[in-house]
Amino acid sequence: MSYQAEYDHSMQNPEEFWKEKAQDVSWFKFPDKILSQDENGIHHWFADGEMNTCYMALDYHVENGRGDQAALIYDSPVTDTKKTYTYKELRDEVATCAGMLTELGTTKGDRVIIYMPMIPEAAVAMLACARIGAIHSVVFGGFAPRELAIRIDDAKPRVIMSASCGIEVKREIAYKPMLDEAIKMAEYKPEHCVVFQRPEVTADLSSERDIDWQEACAKAKPVDCVPVNGSDLLYILYTSGTTGKPKGVVRENGGHAVAMKYSMKAIYDVKPGDVYWAASDVGWVVGHSYIIYAPLLQGCTTILYEGKPIMTPDAGAFWRIVEEYKVKALFTAPTAFRAIKKEDPDGEFIKQYDLSSLVNIFSAGERLDPPTYEWLSEKTERPVIDHWWQTETGWAIAANMMGYEVKPIKAGSATVPVSGFNVQILDDNGQPVPSGVQGNITLKLPLPPSCLTTIWQDFNRFKSSYLDTYPGYYFSGDGGYIDEEGYLFVMGRVDDVINVAGHRLSTGEMEEIVGKHSAVAECSVVGRNDNLKGQMPVGFVVLKSSVTVDEAELSKELVQLVRDSIGPVACFKEVYIVPRLPKTRSGKILRKTIRQIFNQEEYVVPSTIDDPESLNEIKALL
Ligand code: COA
Ligand code: AMP
């Protein structure tokens, strides 16, 4: 079938379209309600279906002849470990871990925070929660205790699952002290912390709350899958918004399973038995969807890689994995490819490995910049597919749907809308713009399966962040345009969110943290373009008039403050002390203009500016 026919079907008759796709996963009771609306008018998919995501991802395959097939391959150059789990082995580990959680009193609807490095137990923990209907919330290991504490207070988990350490190239990072600090900071206290002891670091488990993972699992009895409804939550994943408080994006079981399964063939063109690799982290949405759930729902072999694109040990790491496990589809963020390109510009490593299994390369997390696209497609001689998505949707909004008709690639474009997504570009007044004209990227409601249905415990924020700006549409926060041939070009965020090495961060949050320093009167943080990481945050700080400080010392303190508060992934390393910030007459900081000046982009002096000289002060820093 052509892409257009498939897409048009999803637009013309969404219920029929998704009912058909829902038949591809194994329900305990097929839903009667395909699309329904709640009392707030929010759409839910498959609300009354009975199911279990863990059953669909593991048990179903064991019962249907895939028990001995590799489900998950753990490859860890940082610990020199390789381990394969068959579907049966993974099912058994998950059932036992779920038994342990049950013995700790965890039941359907309870929250469980998972703060773990890239080890198989992170996948086991997620699937174990799904098995008993508990709602997991994975927190990326590179976040500092304060970020973890914010999530603990919001999600109120009964249990936190963690490990004794993570390993960053050669550096061991002890997790338990960070976990303890986070619990100390948080108002809400979990009942238990279950900690997986890695040989590299032994965690202190002397508190009554602490439980040794391996010991508890050795005693636990495996449990079966608990039926949940399609609209019950599978997970909460926090993502950066424009304020200091992250948003708890919620994912419902039913729509998620159907969209994940559909995407594997439709977008990635992989079938059961194929090897699929998303080189990401389970702490991010890409990790949730494409390291864990989608490949397993499809009966593929997934790879969980504990390493970097470079340095572990070199820029050939990705190609080694492709050869060794016969990877058919590789998915990662542009920043990883830029890191590889920097170390291996002539593609010498690429030539050393047999990439014959590799059919397509996929990229997301930020726009795949044309030079990186050109380099990668030339050196690998493979189609390189940029696709655009967000934590909020859980899967691609726009892509080249490789399972259907393959469209000619245009560098810099995420190609065309994916089935179910009605992408519209609107101007600031909510009017559609002609093709080729940039505007705000929106999605006409209803959203397709898997997309968020609220913010955890904060429906008003869900409405104000996404639905109120353009009634009848979901506002993505991204800007871009659609060309005459219907190709979507996503050009970047129109809000105060930045993307640093594929990590989504809030400049507003950094401003709040910097603003707390006793010497700082006010500040602004904007994203500077960066050749490797896409963007890097830069701070502009105005001092309180009463203070005199050593500017270099203050910069160091502010950098440390952000690192301690958000974590090393914030990459906040550049601070400038300025006499004042460019503002409008009503006192609003002109962040966009500061960003444009600092990135040496064209800009228009806003007519509302209070004092144009303040722009020259920013220019003078260049
Ligand atoms: N736990 C603890 N610390 C972590 C961490 C984790 N899980 N992940 C990153 N960090 C730390 C790094 O060690 C580094 O610390 P440092 O400032 O002390 O050196 C800091 O956070 C910044 O990390 P990162 O932005 O990842 O930069 P890097 O220089 O270590 O590596 C790349 C650069 C391009 C190799 C790396 O960013 C990368 O692989 N990116 C891919 C991102 C990705 O997969 N995104 C998912 C979306 S698909
Ligand atoms: P996250 O929720 O962390 O996945 O980040 C989502 C944001 O990353 C989007 O709103 C975009 O700003 C950006 N993004 C992700 N993929 C792409 C892409 N292919 N092209 C352009 N921007 C992207």
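Please refer to the structure placed before this passage.
Residues numbered from 1 in each chain as written. Chains lettered and ligands numbered in written order. Predicted model: local features only at pLDDT ≥ 70, side-chain atom pairs only at ≥ 80, totals over all residues. Heavy atoms only, no water.

**Focus: the layout of surface pockets**
This is how it is decided: Lining residues are defined by having an atom within 4 Å of a point belonging to a cavity or pocket. Those points lie on a 1 Å grid over the protein atoms alone, cavities being sets where a 1.4 Å probe fits but cannot get out and pockets being open sets with protein on both sides within 12 Å along at least five of seven lines. Grid points are joined across faces, edges and corners, and a volume is the space filled by probe spheres set on the points. What counts as a helix is a DSSP run of H or I of at least four residues, what counts as a strand is a run of E of at least two, and both are numbered from the N terminus.
If you add up the space inside the second largest pocket, you get close to 230 Å³. Around the second largest pocket, the lining is made up of 20 residues, and of these Ile42, His43, Leu447, Leu452 and Thr453 lie nearest the centre. Going through the elements one at a time, β2 (43-45), α9 (253-266) and α15 (459-467) are the ones with two or more residues in the lining of the second largest pocket. Element by element, the count of residues in the lining of the second largest pocket is highest for β2, at three residues.

**What to know about empty space enclosed by the protein**
Stated precisely, the cut-off is as follows: Only Asp, Glu, Lys and Arg are considered charged, only Ala, Val, Leu, Ile, Met, Phe, Trp, Tyr, Cys and Pro nonpolar, and every remaining residue, Gly among them, polar.
Going through the model one piece at a time under the given rule, you end up with three cavities of 30 Å³ or more. Counted as a void, the largest cavity has a volume near 50 Å³. Looking at the largest cavity, it is lined by 13 residues, and the ones nearest its centre are Glu147, Arg151, Ser240, Pro246 and Glu509. In terms of residue class, the lining of the largest cavity is built from four nonpolar, five polar and four charged.

**A few points about helix α16 (residues 507-515)**
Side chains three or four residues apart in an α-helix point the same way, a direct result of the helix having 3.6 residues per turn. Note the threshold: Between buried and exposed lies partly exposed: a residue is buried under 20% and exposed over 50% of the maximum accessible area for its type, with that area taken using a 1.4 Å probe on protein chains only. Here a polar contact is taken to be a pair of N or O atoms separated by no more than 3.5 Å, where protein atoms must pair a possible hydrogen donor with a possible acceptor and residues adjacent in sequence count only if both atoms sit in side chains.
Along α16, seven of the nine residues are buried, which leaves the element largely enclosed by surrounding structure. One side-chain oxygen of the residue at the start of α16 lies 3.2 Å from the amide nitrogen of Gly508, identifying that residue as Ser506.

**Description of the packing of helix α12 (residues 334-343) against helix α14 (residues 370-380)**
Selection criterion: Axis definition: a line fitted to C-alpha atoms, limited for helices to the stretch in contact. Angles are taken between N-to-C directions and run from 0 to 180 degrees. Each crossing is labelled by how the near helix is turned from the far one, with a counterclockwise turn of less than a right angle marking it left-handed and a clockwise turn marking it right-handed. By definition, residues are in contact when any of their heavy atoms lie within 4.5 Å.
Where α12 meets α14, the axes come as close as 10 Å, and the angle between the chain directions of the two elements is 65 degrees. The two elements α12 and α14 cross, and the hand of that crossing is left-handed. Taking contact as the criterion, the partners of Pro334, Phe337, Arg338, Ile340 and Lys341 in α12 are, on α14, Pro371, Thr372, Trp375 and Leu376.

**Remarks on the site of ligand 1**
Applied cut-off: Whether a residue is near a molecule or strand is decided by its heavy atoms; if any one of them lies within 4 Å of it, the residue is near. All accessible areas in this document rest on Shrake-Rupley with a 1.4 Å probe, and a residue is counted as covered only by the protein chains that are shown.
The immediate surroundings of ligand 1 are formed by 23 residues, with Glu168, Arg171, Pro309, Lys533 and Arg563 found nearest. Contact between ligand 1 and Glu168: an oxygen atom at 2.7 Å from a side-chain N or O atom of the residue. Interatomic distance of 2.8 Å between a side-chain N/O atom of Lys533 and an oxygen atom of ligand 1. In the complex, 83% of the free accessible area of ligand 1, which totals 940 Å², lies under the protein chains. Looking at the shell around ligand 1 residue by residue, the class counts come to 12 nonpolar, six polar and five charged.

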